[in-house]
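Inside the fold
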Amino acid sequence: DDDKDIPIPTITSLIESLGSQLGYLKLNERQHTIGQQLIGSIDHDGYIRRELEAIVNDLAFLQNIETDLDEVESILKRIQHFDPPGIAARNLQECLYLQLKRKDTDIPDVQRAIKVVMLSFDEFTKKHYKKIQKKIGATEDELRDAISTITKLNPKPGGFVNTFTRTTQYLTPDFILKEINGRLEVSLN
């Protein structure tokens, strides 16, 4: 009976979202195609696990685009600034680093977290905290805070939680059907 817009939820996939963000970059047609190829190579966890050389070959054979590793790498770096943070990383270390770089790097805990990820990642994965502490010159409390910062990051930026984003689209009817004194009247909205 009420003349209301009816909300219709729509779902946007991660790949669609990244493609949309790619459209905001000032890229020529060739670079845009390379970007689409890179986005298409992102797996369900949000990583690009294929070697960039294989992507260069795919571009040559499938898209007829002759390119090199430097060009593909430069476009990849731009895609790695997209949301969600850490997307299009090639490994966990790069994923964590990309997320940390988005934080306020003036905060000492973030600075130490970056050092842990970049300088002591192997020790971090093996939980050799004493070695890390010595290597980056941090106290036990400072290291604990840095590790806490790291463990709050998302190791799977393309994971199920982030795979879909909901937006609401409103549907406005073209016609309104009303019952007046037992008769139906149709009118344009």
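Some points on the overall build of the protein
- Scanning the protein for helices and strands turns up 10 helices and 4 strands.
- Mapped in sequence order, the helices and strands of the protein form the string β-α-α-α-α-α-α-α-α-α-α-β-β-β.
- Expressed as a percentage of the 189 residues in the protein, the buried residues total 35%.
- A fraction of 55% describes how many contacts in the protein between residues 6 or more apart in sequence connect residues 24 or more apart.
- With the model as given, the accessible surface of the protein reaches about 12400 Å², and the carbon-plus-sulfur share is 51%.

Digging into the packing of helix α1 (residues 14–22) against helix α2 (residues 29–40)
- In the contact formed by α1 and α2, the axes pass within 10 Å of each other and the chain directions differ by 160°. The orientation of α1 with respect to α2, classified from their angle, is roughly antiparallel. Crossing of α1 over α2 shows right-handed handedness. Here Ile-15, Leu-18, Gly-19 and Leu-22 of α1 lie close against α2, whose contacting residues are His-32, Gly-35, Gln-36 and Ile-39.

Describing the confidence of the model for the protein
- Looking at the protein as a whole, its pLDDT mean stands at 87, while 87% of the residues score no less than 70.
- Of all helices and strands in the protein, the one with the weakest mean pLDDT is helix α10 (residues 160–163) (43), whereas helix α5 (residues 92–101) scores best (96).

Details of helix α4 (residues 69–79)
- Here α4 has its buried residues at Glu-71, Val-72, Ile-75, Leu-76 and Ile-79. The arc enclosing the buried residues of α4, seen along the axis, measures out at 135°, which places them on a common side.
- Buried-residue contacts for α4 involve α1, α2 and α3 (52–62).

What counts and what doesn't
Going along each chain's sequence as written, the residues are numbered from 1 onward. Given that the model is predicted, a residue must reach a pLDDT of at least 70 before its local features are reported, and side-chain atom pairs must reach 80 or more before they are shown or counted; all residues, however, enter totals for whole chains, interfaces and linings. Hydrogens and water molecules were not included; the side-chain quantities draw on all heavy atoms of the structure. Only DSSP runs of H or I covering at least 4 residues are called helices, and only runs of E covering at least 2 are called strands; the numbering of each starts at the N terminus. With a 1.4 Å probe rolled over the protein chains alone, any residue whose accessible area is under 20% of its type maximum counts as buried; one over 50% counts as exposed, and the rest are partly exposed. The contact criterion used is simple: two residues touch if any of their non-hydrogen atoms lie within 4.5 Å. Using a 1.4 Å probe, accessible areas were evaluated by the Shrake-Rupley method; residue-level cover was limited to the displayed protein chains. Orientation is described by lines fitted to C-alpha atoms, with helices fitted over the stretch in contact, and by angles between N-to-C directions that extend from 0 to 180 degrees. Throughout, the term roughly parallel applies to angles under 35 degrees, roughly antiparallel to angles over 145, roughly perpendicular to angles from 65 to 115, and oblique to all others. The sense of a crossing depends on the near helix, which, turned anticlockwise from the far helix by less than a right angle, makes the crossing left-handed and, turned clockwise, makes it right-handed. One confidence number per residue, pLDDT, is output by the predictor and ranges from 0 to 100. Arc, as used here, means the arc of the directions from the helix axis to the C-beta atoms.

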